[in-house]
Number of protein chains: 4
Amino acid sequence: MTQQIRIGLFGTGRIGQVHAMSLATLDEATLSWVCDPFIEGAKRTAAEYGGRVSADPEEVFASGEVDAVIVASPTATHVGLVEMAIDSNVPVLCEKPIDLDIARVDALRAKAAESDVPIALGFNKRFDRHFVELKRRVAAGEIGALEQLVIISRDPGEPPASYLAESGGIFRDMTIHDLDLARYFIPDIVEVSARGANVFSENVRQADDFDSAVVTLRGANDELVTIVNSRHAAYGYDQRVEAFGSTGLLHVGNKNDTLVRHWSARAVEAIGPYQNFFLERYAEAYRLEVAEFLRAVRGLPSRSPGFEDGRAALILADAAGMSARTGAAVAVDLAS
Amino acid sequence: MTQQIRIGLFGTGRIGQVHAMSLATLDEATLSWVCDPFIEGAKRTAAEYGGRVSADPEEVFASGEVDAVIVASPTATHVGLVEMAIDSNVPVLCEKPIDLDIARVDALRAKAAESDVPIALGFNKRFDRHFVELKRRVAAGEIGALEQLVIISRDPGEPPASYLAESGGIFRDMTIHDLDLARYFIPDIVEVSARGANVFSENVRQADDFDSAVVTLRGANDELVTIVNSRHAAYGYDQRVEAFGSTGLLHVGNKNDTLVRHWSARAVEAIGPYQNFFLERYAEAYRLEVAEFLRAVRGLPSRSPGFEDGRAALILADAAGMSARTGAAVAVDLAS
Amino acid sequence: MTQQIRIGLFGTGRIGQVHAMSLATLDEATLSWVCDPFIEGAKRTAAEYGGRVSADPEEVFASGEVDAVIVASPTATHVGLVEMAIDSNVPVLCEKPIDLDIARVDALRAKAAESDVPIALGFNKRFDRHFVELKRRVAAGEIGALEQLVIISRDPGEPPASYLAESGGIFRDMTIHDLDLARYFIPDIVEVSARGANVFSENVRQADDFDSAVVTLRGANDELVTIVNSRHAAYGYDQRVEAFGSTGLLHVGNKNDTLVRHWSARAVEAIGPYQNFFLERYAEAYRLEVAEFLRAVRGLPSRSPGFEDGRAALILADAAGMSARTGAAVAVDLAS
Amino acid sequence: MTQQIRIGLFGTGRIGQVHAMSLATLDEATLSWVCDPFIEGAKRTAAEYGGRVSADPEEVFASGEVDAVIVASPTATHVGLVEMAIDSNVPVLCEKPIDLDIARVDALRAKAAESDVPIALGFNKRFDRHFVELKRRVAAGEIGALEQLVIISRDPGEPPASYLAESGGIFRDMTIHDLDLARYFIPDIVEVSARGANVFSENVRQADDFDSAVVTLRGANDELVTIVNSRHAAYGYDQRVEAFGSTGLLHVGNKNDTLVRHWSARAVEAIGPYQNFFLERYAEAYRLEVAEFLRAVRGLPSRSPGFEDGRAALILADAAGMSARTGAAVAVDLAS
């Protein structure tokens with residue numbers, strides 16, 4: 001086997017742990033540095049998955065011991081770390097969103113475009129093999145021309161109040177995944193309409209955010225995309241995609257851990273609730289996301305979404321936010 | 001419209017009522033006589049569906065006012081009434097079984113064969129449009145050569161003790177429907193094996209009968225048929241058929257009254273229990289059974305099962321009973 | 001039985017035929033007059049279902065032989081016929097929409113409100129027993145508070161060009177059924193957003209109409225309703241409703257004529273395409289719609305939608321049309 | 001971590017490879033010896049998964065470098081290798097069947113019983129988490145008393161002629177898995193009935209074997225078990241289990257790799273064929289089977305099936321073979 005890719009990991013929260021776990025299953029890479037200003041977190045992660053520990057990103061880049069980095073730290077640090085990676089000529093996989101402020105993203109855009117350092121964005125849904133298979137079959141013409149896309153995406157429960165305050169709102173935090181998923185099928189989105197609502201969470205209302213939302217996108221070929229979101233779902237994580245075309249329909253339903261169904265005097269054909277949340281539903285996708293990034297690190301063709309995809313998703317999320325406030329559809333031009 | 005066919009109905013129990021109801025929906029026929037020694041039953045039925053009333057079958061046949069008869073009276077009277085119908089040159093639709101005693105059936109066999117009076121047997125499952133469609137698609141070659149047939153058939157609850165005593169046992173009373181259904185797909189059955197069991201009903205055990213049974217049939221082309229029966233099912237009437245062939249499988253599942261499914265924290269995709277019992281599940285089939293018989297009465301080609309089908313089902317049921325007692329497979333020759 | 005209700009039918013096109021058929025199955029009513037300026041149509045319908053024939057509505061009302069009327073004539077005649085029914089003190093079941101022009105509807109509104117003549121609107125989906133069951137279970141609290149409603153409704157194929165020209169556009173012709181269905185669950189709608197698209201039909205584009213649409217409604221309690229429409233669907237008539245609430249979800253899927261599923265080397269668990277179109281899918285609902293109207297005619301409590309429901313649906317359809325043109329959400333006040 | 005368990009592997013055919021792969025994913029064990037008289041196979045496996053190579057089992061046991069062994073060599077060698085393991089005081093996981101000849105199994109039985117060396121049998125289906133969950137829920141009383149078990153088990157395609165000749169016949173080669181699975185739910189089987197058939201394979205007929213079979217078992221509490229087998233299935237590996245009880249039913253359906261379903265003008269709700277065969281369908285179960293064996297090696301409580309289970313399955317398979325030949329049910333006493 002060729003030499004292992006040495007990875008520096010920034011951030012050791014929930015998603016940082018996921019990436020560390022993924023790396024542990026991939027022979028071609030090894031965790032060389034774990035970096036977190038909360039040094040205890042870094043130490044615990046390094047103890048379990050290996051690597052040296054630091055609270056200082058500069059130390060990591062300066063060490064010369066990272067062939068690539070994964071940015072799983074708080075959103076506000078993303079732009080700075082991606083820029084350091086570019087400057088250090090180190091490939092980077094950055095969690096979404098690049099930033100909550102499109103101005104800061106745009107400020108980095110030219111440098112990202114000019115650099116040939118691979119920059120991958122952490123849109124995990126693009127790596128779910130069911131969605132990949134769905135896209136393959138759409139591309140293969142199984143449903144003719146794609147005309148409508150319906151994404152129903154509901155989290156099992158709302159995030160803690162502390163998280164809500166910094167999340168950037170439902171569109172930039174939750175919907176952004178579905179906006180990128182829409183672009184996985186229809187890259188050129190030209191218009192965004194959105195309505196938000198507050199139906200169940202006082203916490204969300206206090207955070208001046210919506211707990212429910214419906215977004216309509218229009219593609220350049222007049223495709224219509226519908227995204228239905230809720231911050232809670234009593235029956236588990238609800239993740240469905242329906243692609244409707246001129247000659248048929250393809251649908252990805254929810255995933256269940258068990259094949260056991262139950263018949264009783266009360267109900268029949270019943271199956272247990274769905275997988276709880278994204279760590280379970282997209283466990284494999286997170287692993288494939290890192291594996292695909294490693295291909296880019298090796299200079300191989302890679303289908304990882306990149307900086308422009310991260311920027312596009314943020315633009316759509318911002319447009320959704322604006323539309324939800326004003327009631328007016330917002331035209332967007334992702335290419336300009 | 002041509003003149004209505006005048007029907008004489010023998011027996012006004014549950015199944016007699018079903019046939020009277022079916023006739024009421026069929027413009028081409030009318031109920032002209034209702035005959036039951038329990039004269040109050042006859043009167044009630046006639047009051048609702050029309051017709052003259054009698055306690056005496058001979059009066060009905062002698063009236064000259066019946067173009068066809070339906071025999072839905074107790075099993076012991078079937079042979080006598082069918083014989084009277086033949087002698088009177090009146091087409092007859094007879095409920096299954098023809099008799100509990102194959103000797104009595106055989107005694108009538110020659111006369112039935114020599115007569116050209118239409119004799120139809122009340123095997124309602126042959127008229128269920130889902131099973132008809134299944135057979136059409138098997139015959140159309142959708143699964144290649146038919147190799148295996150799996151029939152799962154469970155009643156919602158055991159019959160009352162009084163009925164059990166006269167039922168002739170599970171094979172001649174309940175399994176007989178599935179034996180005929182098997183012959184709908186594979187007419188030439190050459191061997192019967194059966195195992196019976198007593199797992200839940202003390203009443204059934206007292207009646208020296210089985211509450212559960214499994215029957216294996218062999219067709220002339222070495223097809224294997226599996227019939228699984230139970231006298232109860234907590235979740236409703238369970239009626240499934242699976243045809244397995246060299247290039248695929250066709251399956252008829254259970255029928256549900258509602259399209260509403262429920263998702264909750266406890267279970268997902270749950271739907272209400274199945275239709276309660278045969279009167280609901282086969283309501284349409286009973287109507288089509290009578291309609292098909294009326295075609296025969298009019299001299300049109302008819303696919304109603306006939307006397308030989310009734311005899312064959314009884315032979316198979318008897319063979320199942322013998323096999324269940326002795327533990328040995330029983331060879332049968334339905335043609336001889 | 002009490003005396004039969006004598007029905008006058010206006011219009012003998014496709015939907016007029018459906019109502020005539022429904023009446024033929026209902027013992028309590030009889031077709032007394034069939035009225036159509038296309039007198040051959042009236043004659044054919046009367047020949048099959050009974051009744052006297054006229055080309056002149058005034059003759060029908062003047063005859064004194066109608067206890068109630070059904071208006072299934074072209075939309076432009078609805079307001080006039082409903083007004084004649086009110087003036088004649090004759091209960092009326094009117095097909096949707098009341099008119100394509102809300103001003104004409106509003107002009108009739110006060111008279112309709114002041115009269116105690118029953119006025120029922122032909123929103124057939126409210127009578128589908130699956131949707132009725134869905135509503136019953138939502139009302140019974142099975143999913144807690146209703147938060148989101150997702151209606152996917154796709155016709156099998158676009159209407160002929162001649163029809164398109166007079167249809168009033170997708171929102172007033174097709175979506176209007178789903179708008180009313182939304183109000184069946186959430187009567188008080190306060191806001192409408194809509195996007196239309198042209199993805200497949202040159203005919204529809206020529207008619208200056210949309211072939212696809214997505215509508216978002218907001219209820220008074222901040223419920224969000226999503227309606228996804230297309231004028232074609234390769235796999236048959238697509239009619240689904242999903243009610244999402246605080247403690248669960250209830251879903252009505254598509255209806256299939258057969259229970260037969262197919263397994264092959266290419267695909268498994270496949271079932272035949274859905275029922276072709278509304279005449280098949282809602283056959284029973286059309287019958288129940290008329291039956292419910294007859295209850296109102298008899299002075300019994302009736303759950304038929306009324307004039308205000310017809311007006312509300314048209315207001316919502318108009319608001320959808322305006323939103324689709326301007327890109328802005330439209331506030332509506334159905335009560336004023 | 002404690003020291004790794006050193007495993008000696010006998011046999012490097014298909015199933016030997018599976019076990020080597022499983023070991024590679026289990027941190028607690030390592031492959032120390034790979035033994036196969038076909039030394040090239042041993043070398044290839046050791047090259048990929050590690051371990052020393054030998055053609056001679058005695059060398060392996062004598063090395064003192066095996067803490068446990070896995071027997072995946074041809075059936076005829078099983079008894080000898082298990083005996084060597086017992087004599088060497090080395091825990092052994094032996095593939096099914098122990099032998100094709102019950103006399104040879106019985107000859108080893110006393111020694112196996114007297115020894116406290118863990119002996120596990122390779123009945124992989126007991127480790128499928130869906131069947132485990134099914135059993136857990138049956139045991140938890142979700143369907144009341146277990147009354148019937150229906151196992152439908154069809155291989156995708158018949159084995160090569162060379163394999164057929166040595167397979168011991170369908171009952172000892174294929175059905176044996178389902179016989180053991182039946183005993184997983186109902187350990188005390190008292191009677192076996194079986195019918196075999198030849199419907200599609202000339203090769204199988206030449207080998208004097210059946211290509212299709214139906215087996216009925218009776219449990220000590222009069223439970224009835226139905227096993228339906230075929231050596232081919234056009235739509236993939238068919239593995240279903242249905243447990244029917246006094247208050248309900250639990251069912252494990254087939255497993256599909258994809259969540260994508262397809263709707264077209266020809267068929268709707270269609271999904272791709274099932275996972276091809278046991279290596280795919282039971283991949284995880286094979287891993288858990290080895291993991292559970294390792295628990296026994298460590299002296300921990302283990303739910304691995306043992307020698308008596310292997311013997312019982314063979315007795316049932318032999319009884320099925322005899323019943324299929326004679327047509328008579330065969331009483332069995334697994335305890336004696």
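Residues numbered from 1 in each chain as written. Chains lettered and ligands numbered in written order. Predicted model: local features only at pLDDT ≥ 70, side-chain atom pairs only at ≥ 80, totals over all residues. Heavy atoms only, no water.

### Examining the overall build of chain A
Part 1: Assigned secondary structure in chain A consists of 12 helices and 15 strands.
Part 2: The globule rule puts the C-alpha radius of gyration for 336 residues at 20 Å, and the 20 Å found for chain A is close to it.
Part 3: Here chain A holds 336 residues, and the buried ones make up 61% of them.
Part 4: Restricting the contact set of chain A to residue pairs at least 6 apart, pairs at least 24 apart contribute 70%. (Helix = DSSP H or I, 4+ residues; strand = E, 2+ residues; numbered from the N terminus. Rg over C-alpha atoms; globule rule 2.2 N^0.38 Å. Buried < 20%, exposed > 50% of the residue type's maximum accessible area, 1.4 Å probe, protein only. Contact = heavy atoms within 4.5 Å.)

### Quick notes on the interface of chain D and chain B
Part 1: Tallying the contact residues gives 41 residues for chain D and 41 residues for chain B.
Part 2: Between chain D and chain B lies a buried interface of about 3,000 Å² when both sides are counted; carbon and sulfur atoms form 55% of it.
Part 3: The largest per-residue losses of area from chain D upon contact with chain B belong to Gln148(D), Arg195(D) and Phe244(D), which jointly make up 18% of the total buried on that side.
Part 4: Taken together, the connections running from chain D to chain B amount to 6 salt bridges.
Part 5: Between Arg240(B) and Glu242(D) there is a salt bridge, and its shortest N-O distance comes to 2.9 Å.
Part 6: Our enumeration of links across chain D and chain B arrives at 18 residue pairs in polar contact (both at pLDDT 80 or more).
Part 7: If you list the elements that add at least two residues to the side of chain D that touches chain B, you get β7 (146–154), β8 (189–197), β9 (212–219), β10 (224–230), β11 (238–245) and β12 (248–252) of chain D.
Part 8: The residue inventory of the side of chain D that touches chain B, partitioned by class, reads 16 nonpolar, 15 polar and 10 charged. (Buried area = accessible area lost by both parts, 1.4 Å probe. Salt bridge = Lys/Arg side-chain N within 4 Å of Asp/Glu carboxyl O. Polar contact = N/O pair within 3.5 Å; in protein donor to acceptor, adjacent residues only side chain to side chain. Nonpolar A, V, L, I, M, F, W, Y, C, P; charged D, E, K, R; others polar.)

### Description of the relation of the copies chain A and chain C
Mapping between the two chain copies consists of a rotation about an axis together with a translation along that axis.
Part 1: Laying chain A over chain C is done by rotating through 180° and shifting 0.0 Å along the axis; what remains is an RMSD of 0.0 Å. Viewed as a symmetry operation, the transformation between the two copies matches a two-fold axis. Using C-alpha coordinates, one finds that chain A approaches the rotation axis most closely at Ala328(A), a distance of 2.1 Å. (Least-squares fit on C-alpha atoms with pLDDT ≥ 70 in both.)

### Topic: the domain arrangement of chain A
Residues and elements named next belong to chain A.
Part 1: Each domain of chain A was delimited in the assignment, giving domain 1 (5–117) and domain 2 (128–275 + 312–331).
Part 2: Computed from C-alpha coordinates alone, the two centres of domain 1 and domain 2 are separated by 28 Å.
Part 3: Summing both partners gives a buried area of about 630 Å² for domain 1 against domain 2, and 65% of it is carried by carbon and sulfur.
Part 4: Taken together, domain 1 and domain 2 are joined by 1 salt bridge.
Part 5: Across the contact surface, domain 1 and domain 2 share 2 residue pairs in polar contact (both at pLDDT 80 or more).
Part 6: Residue composition of the side of domain 1 that touches domain 2, by class: 4 nonpolar, no polar and 3 charged. (Domains from an automatic or database assignment.)

### What to know about the sheet that holds β10(D)
Part 1: Pairing in this open sheet of 9 strands is mixed, and the strands run β14(A)-β13(A)-β12(D)-β11(D)-β7(D)-β10(D)-β9(D)-β8(D)-β15(D) from one edge to the other. Pairing within the sheet leaves two strands with one partner each, and these edge strands are β14 (270–271) of chain A together with β15 (330–331) of chain D.
Part 2: In this structure, strand β13 (residues 260–264) of chain A lies alongside β14(A), joined through 2 bridges in antiparallel fashion. Within β14(A), the position partnered with Arg261(A) by the bridge is Ile271(A).
Part 3: Of the strands in this sheet, β13 of chain A together with β7, β11 and β12 of chain D are in contact with helix α6 (residues 129–139) of chain D, which crosses β12(D) at around 170°. (Pairing = 2+ DSSP bridges. Axes fitted to C-alpha atoms, helices over the stretch in contact; angles between N-to-C directions.)

### Observations regarding the environment of Val228(B)
Part 1: The residue Val228(B) is located in strand β10 (residues 224–230) in this model.
Part 2: As a C-alpha pair, Val228(B) and Glu65(B) span 163 residues in sequence and 44 Å in three-dimensional space.
Part 3: Residues in contact with Val228(B), not counting those within four places in the same chain, are Ile151(B), Ile152(B), Ser153(B), Arg154(B), Ala213(B), Gln148(D), Val150(D) and Thr226(D).

### Here's the deal with the UniProt feature "domain: GFO/IDH/MocA-like oxidoreductase" (unreviewed entry) in chain A
Part 1: Per the UniProt record, "domain: GFO/IDH/MocA-like oxidoreductase" (unreviewed entry) is found at residues 131–250 of chain A.
Part 2: Secondary structure across residues 131–250 of chain A comprises 30% helix and 37% strand; the distance between its end C-alpha atoms is 10 Å. (UniProt positions renumbered as here; feature names shortened; annotations may be inferred.)

### Some thoughts on the interface of chain A and chain C
Part 1: Contacts between the two partners involve 41 residues from chain A and, on the opposite side, 41 residues from chain C.
Part 2: A combined buried area of about 3,000 Å² lies between chain A and chain C, and 54% of that area is made up of carbon and sulfur atoms.
Part 3: Where chain A packs against chain C, one counts 6 salt bridges.
Part 4: Between Arg154(A) and Glu242(C) there is a salt bridge whose closest N-O contact spans 2.9 Å.
Part 5: Where chain A meets chain C, there are 18 residue pairs in polar contact (both at pLDDT 80 or more).
Part 6: Class assignment of the residues belonging to the side of chain A that touches chain C gives a composition of 16 nonpolar, 15 polar and 10 charged.

### A closer look at the relation of the copies chain D and chain B
Part 1: The two copies are related by a screw operation: chain D maps onto chain B through 180° of rotation and 0.0 Å of translation along the axis, at an RMSD of 0.1 Å.
Part 2: A high fraction, 100%, of the interface residues of chain D reappear at the interface in chain B, so the copies pair face to face through one surface.

### Some details on the pairing of strand β5 (residues 92–95) of chain B
A regular strand carries its side chains on alternate faces of the sheet.
Residues and elements named next belong to chain B.
Part 1: Along β5, one buried face is formed by Val92 and Cys94 and the opposite face, lined by Leu93 and Glu95, is buried too.
Part 2: Taken together, the 3 bridges between strand β4 (residues 68–71) and β5 define a ladder with parallel strand orientation. When the sheet's bridge partners are listed, Ile70 is paired in β5 with Leu93.
Part 3: Handedness of the β-α-β unit built from β4, helix α4 (residues 78–87) and β5 comes out right-handed.
Part 4: Here β5 runs beside strand β6 (residues 119–122); their pairing, made up of 4 bridges, is parallel. What sits directly across from Cys94, in β6, is Leu121. (Right-handed = clockwise from strand over helix to strand, strands pointing away.)

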